Amino acid sequence: MTTEQIIGLVLALLVMCVGLVGSVLPAVPSTPVVLLTGIGHKLYFGEAGASWWVLGVLGLIVAISLVL
């Protein structure tokens, strides 16, 4: 892995941890933060990131959680 990839991965993990904290704290929108981080990770890493169908399933989960 290159330095840029390591920085991108660490940054994505930190933002996803903020989303995880949002599951406990009501002031932080947890699922949209995780979805946006996943999309940003895919755009940054390209083919090495999560596939588009995984992001689609994540988007569906986010939509269901927001409706509930």
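## As for the overall build of the protein chain
Here comes step 1: Assigned secondary structure in the protein chain consists of 3 helices and 0 strands.
Here comes step 2: The linear arrangement of helices and strands in the protein chain, starting from the amino end, is α-α-α.
Here comes step 3: Looking at the protein chain as a whole, 22% of its 68 residues qualify as buried.
Here comes step 4: Of the contacts made within the protein chain by residues no fewer than 6 positions apart, 40% connect residues no fewer than 24 positions apart.
Here comes step 5: Taken as a whole, the protein chain presents about 4,900 Å² of accessible surface, with 79% of it coming from carbon and sulfur.

## Some remarks on the packing of helix H1 (residues 3–21) against helix H2 (residues 30–45)
Here comes step 1: In the contact formed by H1 and H2, the axes pass within 8 Å of each other and the chain directions differ by 170°. Considering the angle they form, H1 stands roughly antiparallel to H2. Contacts from Glu4, Gln5, Gly8, Leu9, Ala12, Val15, Met16 and Gly19 in H1 reach Ser30, Val33, Val34, Thr37, Gly38, His41, Tyr44 and Phe45 in H2.

## What to know about the environment of Ala50
Here comes step 1: Within the secondary structure, Ala50 is located in the loop between H2 and helix H3 (52–67).
Here comes step 2: Note on Ala50: relative accessible area 30%, which makes it partly exposed.
Here comes step 3: Spatially, the C-alpha atoms of Ala50 and Gly38 are 7.5 Å apart, while their sequence positions differ by 12 residues.

## A closer look at a nonpolar patch on the surface
Here comes step 1: Among the surface-exposed residues, Met1, Ile6, Leu9, Val10, Leu13 and Leu14 lie close enough to one another that they form a single nonpolar patch of about 580 Å² accessible area.
Here comes step 2: Relative to the assigned elements, Met1 resides in the segment before H1.
Here comes step 3: A relative accessible area of 68% places Met1 in the exposed class.

## A few points about H1
Here comes step 1: Here H1 is 19 residues long and its end C-alpha atoms lie 27 Å apart, about the 27 Å a rise of 1.5 Å per residue gives.
Here comes step 2: Of all the residues in H1, the buried ones are Gly8, Ala12 and Gly19. Each buried residue of H1 lies within a common arc of 30° when the element is viewed along its axis, so the set occupies one face. Exposed positions of H1 whose direction lies more than 90 degrees from the buried face are Thr3, Ile7, Leu14 and Leu20.
Here comes step 3: Buried residues in H1 make contact with H2.

## Side note on the environment of Leu36
Here comes step 1: Within the element layout of this structure, Leu36 appears in helix H2.
Here comes step 2: Leu36 sits 14 residues away from Gly22 along the chain, and the two C-alpha atoms are 14 Å apart.

## A closer look at the side chain of Ser30
Here comes step 1: Mapped onto the secondary structure, Ser30 falls in helix H2.
Here comes step 2: You can call Ser30 buried: its relative accessible area is 16%.
Here comes step 3: Ignoring anything within four residues of it in the chain, the contact list for Ser30 reads Gly19, Gly22 and Ser23.

Reading the values: rules and limits
- Residues numbered from 1 in each chain as written.
- Predicted model: local features only at pLDDT ≥ 70, side-chain atom pairs only at ≥ 80, totals over all residues.
- Heavy atoms only, no water.
- Helix = DSSP H or I, 4+ residues; strand = E, 2+ residues; numbered from the N terminus.
- Buried < 20%, exposed > 50% of the residue type's maximum accessible area, 1.4 Å probe, protein only.
- Contact = heavy atoms within 4.5 Å.
- Areas by Shrake-Rupley, 256 points an atom, 1.4 Å probe, with all protein chains shown as cover.
- Axes fitted to C-alpha atoms, helices over the stretch in contact; angles between N-to-C directions.
- Parallel < 35°, antiparallel > 145°, perpendicular 65-115°, else oblique.
- Patch = residues over 30% accessible without salt bridge, like charges linked within 9 Å, V, L, I, M, F, W, Y side chains within 5 Å.
- Salt bridge = Lys/Arg side-chain N within 4 Å of Asp/Glu carboxyl O.
- Expected span 1.5 Å × (residues − 1).
- Arc of directions from axis to C-beta.

Everything listed is a geometric property; what it means functionally is a separate question.
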